[in-house]
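Single-letter residue listing:
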Amino acid sequence: MENLKITLFQGYLFWEKIDKNLQNIGLRLTSIREKTDLIILPEMFNTGFTMNAEELAEPMGGKTMLWMQQMAQKYECVVTGSLIIKEKGKFYNRLIWMLPTGKCNYYDKRHLFALGKEHETYTAGKEKLIVELKGWKICPMICYDLRFPVWMRNVAPDYDLLLIVANWPERRALHWRTLIPARAVENQSYVIGVNRVGHDGNEVYHSGDSTCIDPNGNVVYYKRDEEDVYTFTINADEVIKTRRTLPFLKDADDFNLIS
């Protein structure tokens, strides 16, 4: 593992306006002044968290994914975030892990937000995604997944960095600020949560609270209410040292997930 340089975008999302969001994010990313390994965007970064999948869904290889390819090539790094994908007649809240080569991996949101009727529009995913970058094993997930520690449990361990991209409302920001450090400490990994700011089309306010927490629960980065494009480094030695001196994962319970 090498140290990993990460850039996150905490921004306002224009409600259901794909072209305007892509243009705005592309403009904001021009403020990056140093080489980065990974750019992280929020959940449904091109539309906001909407159930209007019929009008806004794109196929794999649609214009938003082409835009992601362009950004990955331009900044010579991985670009990730989720968007609405239509595939074989079904809609997915799908996280794309776009490589500079134009190839990608993806993760479909496992836990659909029933309170917002997400389960009535989208199809739940069944598989975790573990990707590698500069020796790091990385597990990307989406928003509501954060509330389900069994799904996020770091077995073996499977990952060194857990990512959560989100449209998490300010009214439950305390939950967000509590659960992210808990996931970091219990899984002995870095955890990065990237959220949006501002009101969405349903007049729900999002305060951002994007953050990075190290394996011991220390805050590496935190920002509330404001748009931000920020680059920081996470330390490989911090993960290795924590797991060596506090080998708690070796004592974890064995279990199997049953769908």
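Nothing here was measured: the structure is a model prediction, and the numbers come from that model.

Enquirer: What exactly am I supposed to notice about unusual backbone geometry here?
Expert: In this chain, Ala 156 is followed by Pro 157 through a cis amide linkage whose omega measures 5°. Along the chain, Pro 157 turns up in the loop between helix H4 (149-152) and strand S8 (161-165). Positive phi is not limited to glycine here, since Glu 16 has a value of about 60°. Examined against the element boundaries, Glu 16 turns out to sit in the loop between strand S1 (4-10) and helix H1 (18-29). For Glu 16, a relative accessible area of 27% translates into the label partly exposed.

Enquirer: What's the story with the nonpolar core in this structure? I'm lost.
Expert: Side chains that are nonpolar tend, in soluble globular proteins, to be buried together. Ranked by size, the top nonpolar core spans 44 residues in total, and within it Ile 6, Trp 136, Ile 138, Leu 161, Ile 192 and Ile 234 carry the most contacts. Every residue in contact with Trp 136, bar those within four places of it in the chain, is listed here: Met 1, Glu 2, Asn 3, Leu 4, Val 131, Asp 160, Leu 161, Tyr 190, Ile 234, Asn 235, Ala 236 and Val 239. Counting residues in each nonpolar core, the second largest holds 31 residues, with Leu 56, Met 65, Trp 67 and Phe 113 among its members.

Enquirer: Looking at this structure, how should I read the sheet that holds strand S3 (residues 78-87)?
Expert: Two pairing modes exist for strands in a sheet, parallel and antiparallel, and in both the strands are linked by backbone hydrogen bonds. What the six strands build is an open sheet, ordered S5-S4-S3-S2-S1-S13; its pairing is mixed. Sheet topology places strand S5 (104-108) and strand S13 (228-234) at the edges, where each strand pairs with a single neighbour. With strand direction ignored, the average angle separating the axes of adjacent strands in the sheet is 30°. Packing of H1 onto the sheet brings it into contact with S1, strand S2 (38-40) and S13, and relative to S1 it is tilted by some 135°.

What counts, and at which threshold
Residues take numbers from 1 onward in each chain, read along the sequence in its written order. Local features in this predicted model are restricted to residues of pLDDT 70 or higher, and side-chain atom pairs are both shown and tallied only at a pLDDT of 80 or more, whereas totals for entire chains, interfaces and linings draw on every residue. Working from all heavy atoms in the structure, the side-chain values ignore hydrogens and water. Numbered from the N terminus, helices here are DSSP runs of H or I no shorter than four residues, and strands are runs of E no shorter than two. Exposure classes here rest on a 1.4 Å probe applied to the protein chains alone. A residue is buried below 20% of its type maximum, exposed above 50%, and partly exposed in between. Buried Ala, Val, Leu, Ile, Met, Phe, Trp, Tyr and Cys residues that are joined via side-chain atoms within 4.5 Å together make up what is termed a nonpolar core. Whether two residues touch is decided by their heavy atoms; if any such pair falls within 4.5 Å, the residues are in contact. By this definition, two strands are paired if DSSP reports at least two bridges between them. Helix axes are fitted only over the stretch in contact, all axes being lines through C-alpha atoms; the angle between N-to-C directions runs from 0 to 180 degrees.

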